[in-house]
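The residues making up each chain are set out below.
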Amino acid sequence: MVELVYTQVSGTWPLCGMWVRVPPRAPLKKIGTRTGATFREHPGLVRGRVPPRALRDRFLITILFMQTHDTIIKNIAEEVRKKLEDEGSGHDWWHIVRVWNMAKHIGAQEHADMFVVELAALLHDIADWKFHNGDGTVGPKVARQILEQFSIPQEITNHICEIIANMSFKGAGVQTPMPTLEGKIVQDADRLDALGAIGIARTFAYGGHKGRSIYTPGQKPIMHQSKEAYMQNDSATINHFYEKLLLLKERINTKTARALAGGRHQFMEEYLRRFFREWDGRI
Ligand code: NI
């Protein structure tokens, strides 16, 4: 006979206060990880005993709400896909998919609230300041409008918008601290996508999008000390490796992401060495 435990969910919407029936121990953790909710056993219920009918009805409500989490993520992903599908600067839908997958991978290792992680990853480039004259308020504002359509509670919406506002690199001399674990994870996932072979492809796509030259001999990289100076920069794309990409390895937040960043960083250094040798006709 399977022993069952009746627990009440605490902490995270939309499961908060609902009753859920689960086999003891391991599955509790599993469900908790998936939804970001935490569980505690109700003192009034004994293991294996069926609760009153009213509580069983609430158990059914719980299952419906649990599906809602997945449905929200799926629907928001669909909105983002429609909006960014034809984007040509390297901030397209497939960038979002890679960041989303990477954030899920890092988040699972770091035990984060996955609902926040997934939504922040999906919405992080919905209206990037780089494409709105440096206005960092547009991204969080558009994300908030989308989250409101899905009736996400204020607390979760605020957390996601705060992550989006603090996400991006704003110059070599500008710190971009991320206060929460979920934010650190999404920022790492985004930064990993700026490194390695993918990072190189995206950098040249972005340079082309901005009409920049590939490389201009004699033009030195600049370590920008403000977001404004970084934004006004229109030097050759190769400079961007020194002004941003090669600096990212030191700004990775989590252990899981750091393990991946090293190899991607090394590949870019190799790429640059080869680039200059070919430029000079040495190979
Ligand atoms: Ni991004």
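Since the structure is predicted, the reported quantities are computational estimates derived from the model, not experimental observations.

Asks: Which parts of the structure should I look at to understand the overall build of the protein?
Replies: Tallying secondary structure elements over the protein gives eleven helices and three strands in all. The order of helices and strands in the protein, counted from the N terminus, is β-β-α-β-α-α-α-α-α-α-α-α-α-α. Counting over 283 residues, the protein shows a buried share of 33%. Once local pairs closer than 6 in sequence are excluded, the contacts in the protein between residues at least 24 apart make up 64%.

Asks: I keep staring at helix α7 (residues 181-192) and nothing clicks. Help me out?
Replies: Helix length check: α7 (twelve residues) gives 16 Å between terminal C-alpha atoms against 16 Å at 1.5 Å per residue, within 8%. Across the twelve residues of α7, eleven count as buried, placing the element largely inside the fold. Regarding α7, the residues found buried are Glu182, Gly183, Lys184, Ile185, Val186, Gln187, Asp188, Ala189, Asp190, Arg191 and Leu192. Those residues of α7 that are buried lie in contact with α3 (93-110), α4 (114-123), α6 (154-166) and α11 (255-279).

Asks: When you look at the environment of Phe267 in this model, what are you seeing that I'm missing?
Replies: For Phe267, the position within the fold is in helix α11. When the 15 C-beta atoms within 10 Å are taken as the criterion, Phe267 is described as partly exposed. A sequence separation of 72 residues divides Phe267 from Leu195, and the C-alpha atoms of the two residues are 8.6 Å apart. With residues near it in sequence (within four places) discarded, Phe267 still touches Gly196 and Ala197.

Asks: What should I look at first to understand unusual backbone geometry in this one?
Replies: If you check the backbone angles, His111 has positive phi at about 55 degrees while not being a glycine. By the element assignment, His111 lies in the loop between α3 and α4.

Asks: It is not clear to me how the packing of α6 against α7 should be interpreted in this structure. Could you clarify?
Replies: The description of two packed helices rests on the angle between their axes and on the distance between the axes. For the pair α6 and α7, interaxial distance at closest approach is 10 Å and the crossing angle is 45 degrees. One way to sum up the angle between α6 and α7 is to call them oblique. With respect to the hand of their crossing, α6 and α7 are arranged in right-handed fashion. In contact with His159, Ile163 and Asn166 of α6, α7 contributes Glu182, Gly183 and Val186. Its residues assigned to classes, the contact of α6 with α7 shows two nonpolar, three polar and one charged.

Parameters at a glance
- Residues numbered from 1 in each chain as written.
- Predicted model: local features only at pLDDT ≥ 70, side-chain atom pairs only at ≥ 80, totals over all residues.
- Helix = DSSP H or I, 4+ residues; strand = E, 2+ residues; numbered from the N terminus.
- Buried ≥ 20, exposed ≤ 12 C-beta atoms within 10 Å, placed from the backbone.
- Contact = placed C-beta atoms within 7 Å.
- Expected span 1.5 Å × (residues − 1).
- Axes fitted to C-alpha atoms, helices over the stretch in contact; angles between N-to-C directions.
- Parallel < 35°, antiparallel > 145°, perpendicular 65-115°, else oblique.
- Left-handed = near helix turned anticlockwise from the far one by under 90°.
- Nonpolar A, V, L, I, M, F, W, Y, C, P; charged D, E, K, R; others polar.

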